[in-house]
Amino acid sequence: YHRNITSEEIINICHINYSYFARQFKYITGKTFRDYLNFIRITKAEQLLLTTSKSITEIALITGYSDTSYFIKQFKRHKEISPNQIRKMRSKEA
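Residues numbered from 1 in each chain as written. Predicted model: local features only at pLDDT ≥ 70, side-chain atom pairs only at ≥ 80, totals over all residues. Heavy atoms only, no water.

## Quick notes on the environment of Thr29
Link 1 in the chain: Here Thr29 shows up in helix α2 (residues 18-29).
Link 2 in the chain: Of the polar contacts made by the side chain of Thr29, one reaches the backbone oxygen of Phe25; its length is 2.8 Å.
Link 3 in the chain: Of the polar contacts made by the side chain of Thr29, one reaches the backbone oxygen of Lys31; its length is 2.9 Å. (Helix = DSSP H or I, 4+ residues; strand = E, 2+ residues; numbered from the N terminus. Polar contact = N/O pair within 3.5 Å; in protein donor to acceptor, adjacent residues only side chain to side chain.)

Spelled out as structure tokens, the structure:
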């Protein structure tokens, strides 16, 4: 999840065609490859936001996002809350 990985890389490693991979992946996970990868990245980012003092930019980079604004947008999309709001909630609880 921490590096830029594509479904094309996976199908080349597994020696299967894209259509088969996409269908099977969605059947098994209920998500497209891209949506699943974002889910994994955002889950890890949330953990880092709650357990470290790393900046949002550092967390974005650690979890595979090269663009902080895209990371924030994806985080809000998946969690319905911004990374900053997660941090604020953590500090209120502490």
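## Structural notes on the pattern of salt bridges
Link 1 in the chain: Scanning the entire structure with this criterion turns up two salt bridges.
Link 2 in the chain: A salt bridge links Arg77 to Asp35, with the shortest nitrogen-to-oxygen separation between them at 3.6 Å. Of the two residues, Arg77 sits in helix α5 (residues 68-79) while Asp35 sits in helix α3 (residues 33-51), which places them 42 residues apart along the sequence.
Link 3 in the chain: The salt bridge partner of Lys79 is Glu46, with a shortest N-O separation of 2.8 Å. Of this pair, Lys79 sits in helix α5 while Glu46 sits in helix α3, and the two are 33 residues apart along the sequence. (Salt bridge = Lys/Arg side-chain N within 4 Å of Asp/Glu carboxyl O.)

## Things to note about α5
Link 1 in the chain: A rise of 1.5 Å per residue sets the reference length of α5, with its twelve residues, at 16 Å; its end C-alpha atoms lie 16 Å apart and thus fit the reference within 8%.
Link 2 in the chain: For α5, every residue scored as buried is listed here: Phe71, Gln74 and Phe75. Taken around the axis of α5, the buried residues stretch over an arc of 105 degrees, which confines them to a single face. For α5, the exposed residues set more than 90 degrees away from the buried face come down to Ser69 and Lys73.
Link 3 in the chain: Looking one or two residues past α5, Glu80 carries a phi angle of roughly 60 degrees, positive in sign. (Expected span 1.5 Å × (residues − 1). Buried < 20%, exposed > 50% of the residue type's maximum accessible area, 1.4 Å probe, protein only. Arc of directions from axis to C-beta.)

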